[in-house]
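Notes for the structure review
For reference, the chains in residue letters:
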Amino acid sequence: MTQSMSSRGGSGRGYGLHHHNHSALCCLSAAPPLPGDATPTPTLPLAPDPAAAAAAASGAAVAVEGVLHKWTNYGRGWRERWFSLRDGVLSYSKIRAGAGAGAAEEDGEVRLIGSRVGGARHTEKPTGVVSLKVSAFRESKSDDRRFYIFSPTKTLHLKTDSKDDRVAWIEALILARSVYSLGSLSGRVTFVQCDVSISTARLRDRMHQEGLNENLIEDCEQIVLSEFSSYRKQLKRRYEDYLSLFGSCRHNFEEGKDGSITQGELTRNDFSSSRHGNFSEYSTTESDEFEKNDGGELTCEEETPFFDSMDYFIESDNRSSTMLSVQEVVDTQTQDSSDRLPQIRRRTRLPEPTEKEKGISLWSIIKDSVGKDLTRVCLPVYFNEPLSSLQKCFEDLEYSYLLDQAYQYGKMGNSLMRILKVAAFAVSGYASSVARPCKPFNPLLGETYEADYPDRGVRFFAEKVSHHPMLIACHCEGKGWKFWGDSNLKSKFWGQSIQVEPVGILTVEFDDGEIFQWNKVTTTIHNLILGKLYCSHHGTMHIKGNRQYSCKLKFKEPSLLDRNPHIVQGFVEENDGNKASFLIGKWDESMYYSNSDTFKVRSADQLKGASLLWEKNKPAPNPTRYNLSSFAITLNELTPGLQEKLPPTDSRLRPDQRHLENGEYEKANAEKLRLERRQRMSTKLQDNGWKPRWFEQDTEDGTYRYKGGYWETREKGRWDGCLNIFGEFAET
């Protein structure tokens, strides 16, 4: 629970609870009973606290006005607007040129904030209106004059003339929020009288029987009463917090019935701040990247897109509990904090095809290739998806927030939850493989791929370091962790199926030194000739840790009569062999953990007390025939300004892959054949001593490790020595 902060002389990071605890919803005496009272009886009275009621009434009568700088867009920048806060509604108007009274004469007291209000003259008609009942707000972390207000239809980026002015505005917003949001709720909610009492009589009698002196008895009694008093305070805060939460939820739905208010990211922002332990609607958590990137895309009257609030409530209902566990706090904190980071605008669909696809008989191509290595079989581009194997490596990090959560658990000393989250992450990499009928492009020797996702807090880089055997090395940096590995895929046709055997070790190392390593399991693509095409993953995955825990996961092999496919079961064990926890789930749906043995059941639904570790994201609304996930659709995108920064070896610049994505199948096929002829030179290059540029082989275990320098070179824009591997070449 976040403690309430002091008055405006402080930093302002706890104003929500400072006023929130004085609401008239629930009043619980915080004073501990006197030691002499034998049976103190704390109660939860129905009547509102007179002081709180007076404060609320006083706050309702005060209107706040002043000049604030509002961000419009990059063309117009910051513009002064006249803001007025009355009756829980914040409105703003444009300012006219010329002198005049800043504040319009209104009934009741008007409080002016700022030194520039005297000469400001505003228009009578407001440009915008925001109801604080359904809004959230927070301060900037990097600028002590900026703050943000989130409503269902817009996000306001505001700036004051001084730090003190921002403190004053935040105090006014908090007071208005608590008075008009919670005050309106209190009149519509019926509470049941609940008397709670505690007696120390039995304790005193027992201690008298033991012959203890009165002074010692009174000391012990005081300890008990003090602990109970502390518990009452926590209960009071939690009671008020939940009233605030449910009041906001109900108001959101009631207002949305007639379509007057759109339910959206308000819910995300409002509750994501609150889920840090105290359900406060106000948070100071902010990132510099949010301020740099997000602000410039908003305009004065622009409405920003929001998430569906129903998704959040469904998630909350599934996790309903009277008290928040440590797990819930960490899980929601790490995942929702990424929602508050800058959301870079990325595409949600692939380009429309410019040509009509032509069907091709797969059997006519592969009938002479049974038993051969898949990497040596030349298939038409029709059987590819517009992604390279390098990009597929990064696709395994779609749920990187699980590693963020694992890092947080380790910081809190919960090593068991850390390895459970690592296990969930290891399984989640398979989730996007369902109904993916096409194979990725085989990279050229020296081909690279970078992925910089500041909204996810990850930065990824991969390079093809060997042609035969085909080896891909990757390295990723996240929030408190690093992930790396190399993979050698051994693939073979077996007529009706393709079997892929991954060879290599994946490693995640946390900043505190704890390391986990695991292997990937076998993948088989079935029904190449007849039947519906599908893939399966089967085998045993061992996750080995360098400290207390290790994990073993069994991917169940499919069978014709199996009515519950894709099952993954396993357990976490300590170094002495004792099983600490059990896991069960499906690699294409979700993973759960429990203290009960999961091998006795067939699904998590049959397991009592199972807790959710990970759940697959919703499918993309525009997957095309490739069935790419929403995340995978963004991997080959050339966002504005990115192409000039990339080296000539990046997969996004590969012509056959780009033509395929654009639906230019004839060009894609011609380019693929040209690059495959060039690829035959790779063996000669490798035999002549070619070495990867960004990775080097570890002499101890033989794995490829990132040696650094890529991002620094990218910053300088100097790609000297990088071959134009996709360009023309002269055959000798």
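So, how was this worked out
- Residues numbered from 1 in each chain as written.
- Predicted model: local features only at pLDDT ≥ 70, side-chain atom pairs only at ≥ 80, totals over all residues.
- Heavy atoms only, no water.
- UniProt positions renumbered as here; feature names shortened; annotations may be inferred.
- Helix = DSSP H or I, 4+ residues; strand = E, 2+ residues; numbered from the N terminus.
- Buried < 20%, exposed > 50% of the residue type's maximum accessible area, 1.4 Å probe, protein only.
- Contact = heavy atoms within 4.5 Å.
- Areas by Shrake-Rupley, 256 points an atom, 1.4 Å probe, with all protein chains shown as cover.
- pLDDT = per-residue confidence, 0-100.
- Polar contact = N/O pair within 3.5 Å; in protein donor to acceptor, adjacent residues only side chain to side chain.
- Salt bridge = Lys/Arg side-chain N within 4 Å of Asp/Glu carboxyl O.
- Phe/Tyr/Trp six-rings, centres within 6.5 Å; stacked < 30°, edge-to-face > 60°.
- Lys NZ or Arg CZ within 6 Å of the ring centre and 35° of its normal.
- Core = buried A, V, L, I, M, F, W, Y, C linked by side-chain atoms within 4.5 Å.
- Pairing = 2+ DSSP bridges.
- Axes fitted to C-alpha atoms, helices over the stretch in contact; angles between N-to-C directions.
- Parallel < 35°, antiparallel > 145°, perpendicular 65-115°, else oblique.
- Nonpolar A, V, L, I, M, F, W, Y, C, P; charged D, E, K, R; others polar.

- Per an unreviewed UniProt entry, the protein chain goes by Oxysterol-binding protein-related protein 2A-like and derives from Panicum miliaceum.
- Under Sequence similarities (unreviewed entry), UniProt gives the following word-for-word description of the protein chain: "Belongs to the OSBP family."

Details of the overall build of the protein chain
- On a plain count of helices and strands, the protein chain comes out with 18 helices and 30 strands.
- Counting only residues that meet the buried cut, the protein chain has 49% of its 732 residues in that class.
- Relative to all contacts within the protein chain whose residues are 6 or more apart in sequence, the contacts with residues 24 or more apart total 64%.
- Of the roughly 34800 Å² of accessible surface on the protein chain, 50% is carried by carbon and sulfur atoms.

Details of the confidence of the model for the protein chain
- Here the protein chain averages 74 in pLDDT, while 68% of its residues score no lower than 70.
- Long-range and interchain partners of residues 336-340, a stretch whose pLDDT sits below 50, account for 16 contacts in this model, where long-range means more than four residues apart.

Thoughts on the side chain of R674
- Positionally, R674 belongs in helix α16 (residues 665-679).
- On the accessibility criterion, R674 (9% relative accessible area) is buried.
- Among the polar contacts made by the side chain of R674, one reaches the side chain of E671 at a distance of 2.7 Å.
- For R674, the side chain forms a polar contact with the main-chain oxygen of G727, separated by 2.9 Å.

Section: the pattern of salt bridges
- Within the structure shown, the criterion is met by 22 salt bridges.
- A salt bridge links E385 to K392, with the nearest nitrogen and oxygen atoms 3.8 Å apart.
- You can call E385 buried: its relative accessible area is 1%.
- Here D650 makes a salt bridge to R652, at a shortest N to O gap of 3.2 Å. As far as burial versus exposure is concerned, D650 and R652 are alike and both buried.
- Each of E385, K392, E395 and R436 takes part in a single network of salt bridges with overlapping partners.

A look at the packing of aromatic side chains
- Applying the stated criterion to the full structure yields 24 aromatic pairs.
- Each ring, one from Y449 and one from F460, has its centre 6.5 Å from the other, and the planes form 55°; the classification is tilted. One end of the pair, Y449, is in strand β15 (residues 448-453); the other, F460, is in strand β16 (residues 458-466), with 11 residues separating them in the sequence. Like F460, Y449 is buried.
- Geometry around Y382 places R625 over its ring, the cationic atom sitting 4.5 Å from the centre.

A look at the environment of F460
- Residue F460 is classed as buried on the basis of its relative accessible area, which comes to 0%.
- Taking C-alpha positions, F460 is 7.0 Å from F394, a pair spaced 66 residues apart along the chain.
- When near neighbours in sequence (up to four residues on either side) are disregarded, F460 contacts L390, C393, F394, L397, Y449, E450, A451, C474, H475, C476 and W711.

Re unusual backbone geometry
- Of the consecutive residues H468 and P469, the connecting peptide bond is found in the cis state with omega at 0°.
- The topology assignment puts P469 in the loop between β16 and β17 (471-477).
- Although it is not a glycine, D87 adopts a positive phi angle of roughly 50°.

Details of the nonpolar core
- By size, the foremost hydrophobic cluster in this structure holds 70 residues, and its most contacted members are F394, F460, F483, W518, I543 and L553.
- In terms of residues, this core owes the most to one element, helix α13 (residues 415-428), which gives 9 residues.
- Each residue touching F483, except ones within four places of it in the same chain, is listed here: L397, F425, C474, H475, C476, L506, T507, V508 and W518.
- Judged by nonpolar contacts, the second largest core, of 21 residues, contains L85, F137, A168 and A172.

A short note on the environment of E463
- Structurally, the position occupied by E463 is in strand β16.
- Within the local environment of E463, its side chain forms a polar contact with the backbone nitrogen of R693, the two atoms lying 3.1 Å apart.

Structural notes on the environment of W711
- Considering the arrangement of structural elements, one finds W711 in helix α18 (residues 710-716).
- A relative accessible area of 11% means that W711 is categorised as buried.
- Filtering out sequence-adjacent residues up to four positions away, W711 remains in contact with E450, A451, D452, R459, F460, F461 and Y706.

What to know about the pairing of β17
- In terms of residue burial, β17 counts as a mostly covered element, since 6 of its 7 residues are buried.
- The turn joining β16 and β17, which pair antiparallel and follow one another in sequence, is formed by 4 residues.
- Sheet topology note: the β17/strand β18 (residues 481-493) ladder contains 7 bridges and is antiparallel. Its bridge partner lying in β18, C476 is registered against F483.

Side note on the pairing of strand β21 (residues 515-518)
- The alternating pattern of β21 places F516 and W518 on a buried face and I515 and Q517 on a face that is not buried.
- Alignment of strand β20 (residues 506-510) against β21, held across 4 bridges, turns out to be antiparallel. When the bridges of β21 are listed, T507 appears paired with Q517.

Digging into the packing of helix α12 (residues 401-411) against α13
- With their axes 8 Å apart at the nearest point, α12 and α13 run at an angle of 170° to one another. It follows from the interaxial angle that α12 and α13 lie roughly antiparallel. Where α12 approaches α13, its residues L402, L403, Q405, A406, Y407, Y409, G410 and K411 are matched on the opposing element by M417, R418, K421, V422, A424, F425 and S428.
- For the contact of α12 with α13, a count of residues per class yields 9 nonpolar, 3 polar and 3 charged.

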